[in-house]
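So you can see what is in the structure, the chains are spelled out below.
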Amino acid sequence: MEARELVLALLSLAFLPVLLIIILILVLAFMGKSLGTREAYMRLLLRIFDYGKQRIQKAEKKRTEREKEELEDMEEEEDHNESNDPQENGGLQVIERVSMLSIEEKKLPKVFSLSSLTKQFTLMDACELLNCGMEAIIEDEVTKCFAAEELPSWNLLTRTNANYHYISLRLSVMWFTGFFIRYFILLPFRVTLAVIGTLWLLLSTAVVGHFFEDGSFKRQLNDYVSLTCYRILSRSFSAIITYHDTENQAKAGGICVANHTSPIDIVILSCNNTYAMVGQSQGGFFGLMQRAMSRASDSHIWFERTEAKDRGAVLDRMRKNVGDDTKLPILIFPEGGCFRYKTHSRGQR
């Protein structure tokens, strides 16, 4: 009972500061302001990463020198053994055989009965087929466009690599501290903000859609509600967003065409402007979000890709929205895209 009471006391003491921090974050999101905490946190992380990178480079340099010395010692020992080998001195060629595991190209044996199947079939016969199937699933057109980049600095996750299980005591302490902060402090905060942002989107769009008639006030209220929702959601993953040339952003009756890799792109773009979304009708959680946005504004366009009539209706609605100052600017994510300005993936028309 004493341990339970102690845990409850600690939780009650931590509840008020956590609540105040969440309220502060929400107020700043509603006002569109920032205290610069995320920027300072990012600068601190970069300094820590740079320190860890230097420590790892020193450890790698020492390890490389040690391995080089061991390799030289092994070569000297092999040369000494070969000079004393009678077969080598007699001029006989010694073949060094290396055993390697490989899956040969095989065909499944013709089986005429269950008894012959149990005798002839082995698990290795299916390994190559499973390998080809997994490669076909993994290597799709989009995944091929991405290449693993070498990180410029240590990111506190390198410890998961087998080469960096232990470098130094200070680096290990930093890693465990970062693990605790990431999963026991930041993660609960971010999940809480994501839930609050989602609930606020569902509730506010329902109020705007049901209690206000179409007009300029409803559009302004929808703009404010949309901006606050996406600002809260962006804070759930600590986004640091810098907008350039904002005078060129899409205005009412316009069209914005953007590259697209994940739903997070919608959150990033919608933190400083309200857009009418164009996309596939979804089910589940994304379908719930789509219906919520449609309640507050009729500018959003959802369609079924498999229906030819829907594609024609989408074009008609887009033509009507363009040039209409009462409609939100349309945000289009075309099929296909440009990845890192190096690779282009072309989608179907």
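Here is what the cut-offs are and how they apply
Residues numbered from 1 in each chain as written. Predicted model: local features only at pLDDT ≥ 70, side-chain atom pairs only at ≥ 80, totals over all residues. Heavy atoms only, no water. Helix = DSSP H or I, 4+ residues; strand = E, 2+ residues; numbered from the N terminus. Buried < 20%, exposed > 50% of the residue type's maximum accessible area, 1.4 Å probe, protein only. Areas by Shrake-Rupley, 256 points an atom, 1.4 Å probe, with all protein chains shown as cover. Core = buried A, V, L, I, M, F, W, Y, C linked by side-chain atoms within 4.5 Å. Contact = heavy atoms within 4.5 Å. Pairing = 2+ DSSP bridges. Axes fitted to C-alpha atoms, helices over the stretch in contact; angles between N-to-C directions. 1 Å grid on protein atoms, 1.4 Å probe; cavity = no way out; pocket = protein on both sides within 12 Å on 5 of 7 lines; lining within 4 Å. Points joined across faces, edges and corners; volume = space filled by probe spheres on them. Nonpolar A, V, L, I, M, F, W, Y, C, P; charged D, E, K, R; others polar. Salt bridge = Lys/Arg side-chain N within 4 Å of Asp/Glu carboxyl O. pLDDT = per-residue confidence, 0-100. Parallel < 35°, antiparallel > 145°, perpendicular 65-115°, else oblique. Left-handed = near helix turned anticlockwise from the far one by under 90°. Phe/Tyr/Trp six-rings, centres within 6.5 Å; stacked < 30°, edge-to-face > 60°.

A. Structural detail: the overall build of the protein. Check the secondary structure of the protein and you find ten helices and six strands. The buried share among the 349 residues of the protein stands at 24%. If you sum the accessible surface of the protein, you get close to 25800 Å²; carbon and sulfur atoms cover 60% of it.

B. Highlighting the nonpolar core. One finds Tyr230, Leu233, Ala250, Cys256, Ala258, Val267, Cys271, Tyr275, Met277, Met293, Leu331 and Phe333 forming the largest nonpolar core, which totals twelve residues. Every residue in contact with Tyr230, bar those within four places of it in the chain, is listed here: Ile266, Val267, Ser270, Cys271, Met277 and Met293. Ranked by size, the runner-up nonpolar core spans seven residues in total, among them Phe303, Val314, Ile330 and Ile332.

C. Main features of the sheet that holds strand S1 (residues 255–257). The four strands are arranged S1-S4-S2-S3 in an open sheet whose pairing can be described as parallel. Edge positions in the open sheet fall to S1 and strand S3 (301–303), since each of these has one partner strand only. Taken pair by pair, the neighbouring strands of this sheet meet at an average axis angle of 20°, ignoring direction. The pairing of S1 with strand S4 (residues 330–332) spans three bridges and is parallel. Counted as the bridge partner of Ile255 is Ile330 from S4.

D. Broad picture of the layout of surface pockets. One number sums up the size of the second largest pocket: a volume of about 550 Å³. Together, 19 residues line the second largest pocket, and Ile21, Ile25, Thr37, Arg38 and Leu186 are the ones closest to its centre. For the lining of the second largest pocket, the secondary-structure elements that each account for two or more residues are helix H1 (2–31), helix H2 (37–83) and helix H6 (169–211). Here the element with the most residues in the lining of the second largest pocket is H6; it accounts for six residues. For the lining of the second largest pocket, a count of residues per class yields eleven nonpolar, four polar and four charged.

E. Spatial organisation of the pattern of salt bridges. Applying the stated rule across the entire model yields three salt bridges. Between Lys218 and Asp214 there is a salt bridge; the shortest N-O distance is 3.1 Å. Of the charged contacts, one joins Asp298 and Lys327 as a salt bridge, the two residues approaching to 3.6 Å between their closest N and O atoms. Taken together, the residues span a long stretch of sequence, with Asp298 in the loop between helix H9 (284–296) and S3 and Lys327 in the loop between helix H10 (308–321) and S4 at a distance of 29 residues. In this structure Asp298 comes out as partly exposed when scored by relative accessible area, which is 47%.

F. Summary view of the confidence of the model for the protein. Mean pLDDT over the protein works out to 76, with 73% of the residues at or above the 70 mark. In this model residues 85–106 is a low-confidence stretch, pLDDT under 50, and it forms 14 contacts with partners more than four residues away in sequence or in other chains.

G. Examining the packing of H1 against helix H7 (residues 216–235) more closely. At their nearest, the axes of H1 and H7 sit 8 Å apart, and the two run at 135° to each other. Accordingly, the angle class assigned to the pair H1 and H7 is oblique. You can see that H1 and H7 cross each other, and the crossing is right-handed. Mapping the contact onto sequence places Ile25, Leu26, Leu28, Ala29, Phe30 and Met31 in H1 and Tyr224, Thr228, Arg231, Ile232 and Arg235 in H7. Here the residues of the contact of H1 with H7 are counted per class, giving eight nonpolar, one polar and two charged.

H. Local environment of the packing of aromatic side chains. Summed over all chains, the structure comprises nine aromatic pairs. Centroid distance Phe179 to Tyr183: 4.9 Å. Interplanar angle 50°. Geometry classified as tilted. In this pair, Phe179 and Tyr183 both sit in helix H6, four residues apart, roughly one turn of the helix. We classify Tyr183 as partly exposed; its relative accessible area is 40%. Three or more aromatic residues joined by ring pairs form one cluster here, namely Trp175, Phe176, Phe179, Phe180, Tyr183 and Phe184.

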